[in-house]
Amino acid sequence: MNIILLGAPGAGKGTQASKIADKYKLLHISTGDIFRANIKGGTEIGKLAKSYIDAGKLVPDEVTCKIVEDRLTWDDAGNGYMLDGFPRNIYQAEQLDKFAKVDLCLNIDVDEKLLMDRICGRRVCACGESYHVSTLNGATTCAKCGGELYQRADDNPETVKSRLDTYNTQTAPLIDYYKKQGKLATVTSGEGSPDEVFAQIIKILG
Ligand code: AP5
Ligand code: MG
């Protein structure tokens, strides 16, 4: 099964992807994580992506689509995957339809008022896990792998405003795109706890 995880910045895509990957053994592919790994590695893609990510804008479609198309040819994508953060506009969705088969789009619905706090309080680990300061009880390392937690460079109020604007203008139209294809499932419990959200996702996935 190939799933798209849709939702605004901070909606919980990464948090739920980790849970879905554990239970359903689906590969988690996050374009944001791929770009951050490239930035860390100092690659040409990383250098290009950084300016867009720092500004809360989308990295150009040609670059992003090619990365995903290539990634889906790896052997480990053969048993099903979750795309987290891709597609992010109609053009990317149309390209995806040309090189992959999408079974389901899970849209995690969360009121925008909650997102700023969630994102600015987020701490992440290089292994992909994310936490919120309110539940860390002062811990500075990852409960899953022991890695050092840090704050993402784009998790500051100014960039978050721009990311939310980008989401509303470019990404939200995908809700209708997948509804028309009969592939949309809305996760209405997005404002509940991560476990409550996951419980609804399990019901949807069966
Ligand atoms: P990306 O990394 O995809 O970031 P994003 O879409 O802005 O989403 P986030 O990762 O911020 O949020 P999330 O939904 O994963 O939430 P999380 O689970 O961490 O993209 C970053 C940038 O890369 C983009 O701005 C763009 O520049 C570029 N990019 C990426 N893909 C691209 C593409 N396809 N095309 C072009 N450019 C692209 O949770 C957030 C916080 O909330 C955490 O602290 C978490 O602990 C907490 N939390 C989660 N769930 C709950 C809950 N249920 N209750 C309470 N707290 C919760
Ligand atoms: Mg994420």
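One can find the structure itself at the top, above this paragraph.
Quick summary incoming for the structure in this document. (Residues numbered from 1 in each chain as written. Chains lettered and ligands numbered in written order. Predicted model: local features only at pLDDT ≥ 70, side-chain atom pairs only at ≥ 80, totals over all residues. Heavy atoms only, no water.)

## Remarks on the site of ligand 1
Then comes step 1: Neighbouring ligand 1 are 34 residues, the closest being Thr 15, Lys 57, Arg 88, Arg 122 and Arg 163.
Then comes step 2: Contact between ligand 1 and Gly 14: an oxygen atom at 2.9 Å from a main-chain N or O atom of the residue.
Then comes step 3: Between ligand 1 and Arg 163 there is a distance of 2.6 Å, counted from an oxygen atom to a side-chain nitrogen or oxygen.
Then comes step 4: Burial of ligand 1 by the protein chains amounts to 93% of its free accessible area of 1000 Å².
Then comes step 5: Put simply, the parts of the chain that give the shell around ligand 1 at least two residues each are α1 (13-24), α2 (31-41), β6 (130-132) and α10 (194-205).
Then comes step 6: Here the shell around ligand 1 takes four residues from α2, the largest share from any one element.
Then comes step 7: Here the shell around ligand 1 is composed, by residue class, of eleven nonpolar, 14 polar and nine charged. (Near = heavy atom within 4 Å. Polar contact = N/O pair within 3.5 Å; in protein donor to acceptor, adjacent residues only side chain to side chain. Areas by Shrake-Rupley, 256 points an atom, 1.4 Å probe, with all protein chains shown as cover. Helix = DSSP H or I, 4+ residues; strand = E, 2+ residues; numbered from the N terminus. Nonpolar A, V, L, I, M, F, W, Y, C, P; charged D, E, K, R; others polar.)

## Some points on the layout of surface pockets
Then comes step 1: By volume, the second largest pocket is sized at about 210 Å³.
Then comes step 2: What lines the second largest pocket is His 28, Ile 29, Ser 30, Asp 33, Ile 34, Ile 67, Asp 70, Arg 71 and Trp 74.
Then comes step 3: Elements that contribute at least two residues to the lining of the second largest pocket include exactly β2 (27-30), α2 and α4 (61-71).
Then comes step 4: Residue composition of the lining of the second largest pocket, by class: four nonpolar, two polar and three charged. (1 Å grid on protein atoms, 1.4 Å probe; cavity = no way out; pocket = protein on both sides within 12 Å on 5 of 7 lines; lining within 4 Å. Points joined across faces, edges and corners; volume = space filled by probe spheres on them.)

## Notes on the sheet that holds strand β7 (residues 184-187)
Then comes step 1: Spatial strand order, β2-β3-β1-β4-β7: five strands in an open sheet with parallel pairing. Of all the strands in the sheet, just β2 and β7 have a single pairing partner and so form its edges. Shown here is a sheet whose adjacent strand axes are inclined to one another by a mean of 20°, direction ignored.
Then comes step 2: One ladder, built from four bridges, connects strand β1 (residues 2-6) with strand β4 (residues 104-108); its direction is parallel. Bridged to Leu 6 within β4 is Asn 107.
Then comes step 3: Relative to the sheet, α1 contacts β1, β2, β3 (81-84) and β4, its axis offset from that of β3 by approximately 175°. (Pairing = 2+ DSSP bridges. Axes fitted to C-alpha atoms, helices over the stretch in contact; angles between N-to-C directions. Contact = heavy atoms within 4.5 Å.)

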